[in-house]
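# Chain and residue survey
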Amino acid sequence: MTDRTNALRLLSRGQILTVIGLIGFGFLIVRAMAFTPLEVRQGAAQKIMYVHVPSAWAAGVAIMLTGLFSAAYLWLRDERADRAAAASAEVGILFGTVMLGTGPFWAKPVWGAWWVWDARLTSTLFLYLLFVGYLILRDSTEDRGMRARFSAVVGLMGLVLVPFVHLTVYMFRTQHPEPVVLKPEGVTMPGSMLATLLVGVVVFTVLYFGFVMQRYGLTVLDDLRQEEMYDAA
Amino acid sequence: MRDVLRVAWAIAAKDVRIEMRTRTALLSSVVFAILVLAILYVARDPTAVSALEIAPAALWVTFSFAGLINLNRAFAIERENDAMSGILMTFPNITGIFLGKLAANLIFVGTIQLVAFPLFVLFYDVPVLTNLPLLAVVTVLATIGMVSVGTLLSSIVVQTRFAELMLPVLLLPFMVPPVVGAVQLTSRILANRPLSELMGGFKLLAAFDLVFVVMPILIFSATFDR
């Protein structure tokens, strides 16, 4: 019974965190639209950045944590690490979809094309598809232990693949803007824009953890139900 | 170490022997490779793109697809009668099993490449003779890494539903670094660029090989329930 209580507690905490995140998201939109200056050359389209970059950030965090939890599972064979990796991957796909979905609407007015085969776009697309494959693999494996081992292998290998894909596609020409925040020379962005962007990053991080906690709790409940059904049969 | 090599040799010899008795997989992969080469050639607009321009990409798409369909069967042949359990009971040395499977797969993929390459030269009319050693190095470096990842993933997907469908979905993202690197190197070699322009690509392929041969060896045991 205590497993169920813990799972329910985690689920409700995740829900609270998600509500906080959603309120923050509303605040972010209002702040981005009404209280952050227009970018001189790109105009209103640049406002997409306040959703696009934070979702890319959350997706990156998700991929990294999936890889680390996968490594932890292979090391410790602890079911909790598997559940955390799976929850993180699923939420990562969600943020990845937001990132890939918002990008074209910024790209079209600024670059003149919905999609370009630029280094960062290309590598992101491949890694996104790999993690979709990760979820398909989980779906197509019935046995829980097997699913955990297989997806841990793919999750860890995926993490190691990230720098390679990145390096490879840099052999192409790149069009995506270079970093304007995290770079050695320091930030080159007006303070008010940076503040809005940071609000976005915080909001999306809160949402990430809210979603992952809910997903984790639901997985535990699902596993418990299946065990009960198995015991009853 | 000697034990590892002994097991690897036994596994590889077994796989090659099985294949030599039927030759089904090898033959169909070779035919498949020739078909891909021919389709890519006729699918281009000859007034817009010269054959030489798409030759490196055509070569590597062919090599990777033919490798892909061949890797599917690496562990599929152990599924019948639960042969994998027998292997695991006979050889407790997991590293040896992985290296044996890897060696057998490299032999199969290498054979396909050996057959497909002369046809590629013939079809696409590429000037290769002087560049043969460099192209061979590129091929070996790019093939080892992707076949190693493929061997590991093949052992996973045969134990899932939709096995034949799962392998391309999981493996193609891992093929991006070796294939893109190999295409870039091949086109530079065919254009007779100096060796200094090739070093970056060679380093990338070598690093990929190192990481993606060592990693699968370390985590291969996780693909079985022992």
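All values reported here derive from a predicted model rather than from experimental measurement. (Residues numbered from 1 in each chain as written. Chains lettered and ligands numbered in written order. Predicted model: local features only at pLDDT ≥ 70, side-chain atom pairs only at ≥ 80, totals over all residues.)

## With respect to the overall build of chain A
Regarding its fold elements, chain A presents six helices and zero strands. Reading the secondary structure of chain A in the N-to-C direction produces α-α-α-α-α-α. In terms of principal-axis extent, the alpha carbons of chain A reach across some 65 × 40 × 30 Å. Buried positions account for 38% of the 233 residues belonging to chain A. Long-range contacts, defined as pairs at least 24 residues apart, comprise 80% of the intrachain contacts of chain A with a sequence gap of at least 6. (Helix = DSSP H or I, 4+ residues; strand = E, 2+ residues; numbered from the N terminus. Buried ≥ 20, exposed ≤ 12 C-beta atoms within 10 Å, placed from the backbone. Contact = placed C-beta atoms within 7 Å.)

## Let's talk about the overall build of chain B
Secondary structure assignment for chain B yields eight helices and zero strands. The secondary structure elements of chain B, listed N-terminal to C-terminal, are α-α-α-α-α-α-α-α. For chain B, the C-alpha radius of gyration of 18 Å lies close to 17 Å, the compact-globule estimate for 226 residues. Seen along its three principal axes, the alpha-carbon backbone of chain B occupies a region of about 60 × 35 × 30 Å. Split into buried and exposed, the 226 residues of chain B put 43% on the buried side. In chain B, the proportion of contacts linking residues at least 24 apart, taken out of those at least 6 apart, comes to 84%. (Rg over C-alpha atoms; globule rule 2.2 N^0.38 Å.)

## Some points on the interface of chain A and chain B
Listed by partner, the interface residues are 26 residues for chain A and 23 residues for chain B. Listed by contribution, the elements that provide at least two residues to the side of chain A that touches chain B are helix H4 (119-139) and helix H5 (144-169) of chain A. Here the side of chain A that touches chain B takes 15 residues from H5(A), the largest share from any one element.

## Quick notes on unusual backbone geometry
All names here are of chain B. Backbone geometry at asparagine 81 places phi at a positive 55°, although glycine is not the residue there. Secondary-structure assignment places asparagine 81 in the loop between helix H3 (51-76) and helix H4 (83-90). In this structure asparagine 81 comes out as exposed when scored by C-beta crowding, with 8 C-beta atoms within 10 Å. Phi at asparagine 192 takes a positive value of approximately 60°, unusual for a residue other than glycine. Judged by the 9 C-beta atoms lying within 10 Å of it, asparagine 192 is exposed.

## Observations regarding helix H2 (residues 24-42) of chain B
Residue and element names in this part refer to chain B. Taking 1.5 Å per residue as the helical rise, H2 with its 19 residues ought to reach 27 Å, and the 27 Å between its terminal C-alpha atoms agrees with that figure. All of the buried residues along H2 are Ser29, Val30, Ala33, Leu37 and Leu40. When H2 is viewed along its axis, its buried side chains cluster within an angular range of 100° and face the same direction. Across from the buried face of H2, at angles greater than 90 degrees, the exposed residues are Thr24, Ile39 and Val42. Check the buried side of H2 and you find it contacts H3 and helix H5 (94-124). (Expected span 1.5 Å × (residues − 1). Arc of directions from axis to C-beta.)

## Concerning the confidence of the model for chain A
When pLDDT is averaged along chain A, the result is 90; 92% of the residues meet or exceed 70. Across chain A, element-level confidence peaks in helix H2 (residues 49-76) of chain A with a mean pLDDT of 95 and bottoms out in H4(A) with 91. (pLDDT = per-residue confidence, 0-100.)

## Re the nonpolar core
In terms of nonpolar packing, the biggest core is built from 117 residues, with Ala62(A) and Tyr208(A) touching the most fellow members. In this structure, Tyr208(A) is in contact with Ala58(A), Val61(A), Ala62(A), Val91(A) and Phe95(A), ignoring residues within four places of it in sequence. (Core = buried A, V, L, I, M, F, W, Y, C linked by C-beta atoms within 7 Å.)

## Structural notes on the environment of Gly96(A)
Residue and element names in this part refer to chain A. On the secondary structure map, glycine 96 appears in helix H3 (residues 79-111). For the pair formed by glycine 96 and proline 54, sequence separation is 42 residues and the distance between their alpha carbons is 10 Å. Apart from residues no more than four positions distant in its own chain, glycine 96 is found in contact with Ala59 and Tyr128.

## Considering the packing of H3(B) against helix H6 (residues 132-157) of chain B
Residue and element names in this part refer to chain B. The contact between H3 and H6 brings their axes to 8 Å, and the two run at 40°. In terms of crossing hand, the pair formed by H3 and H6 is right-handed. Two secondary-structure elements touch here, H3 through Ser64, Gly67, Leu71, Asn72, Ala74 and Phe75 and H6 through Met146, Val147, Gly150, Thr151, Ser154 and Ser155. Of the residues that constitute the contact of H3 with H6, the class distribution is five nonpolar, seven polar and no charged. (Axes fitted to C-alpha atoms, helices over the stretch in contact; angles between N-to-C directions. Left-handed = near helix turned anticlockwise from the far one by under 90°. Nonpolar A, V, L, I, M, F, W, Y, C, P; charged D, E, K, R; others polar.)

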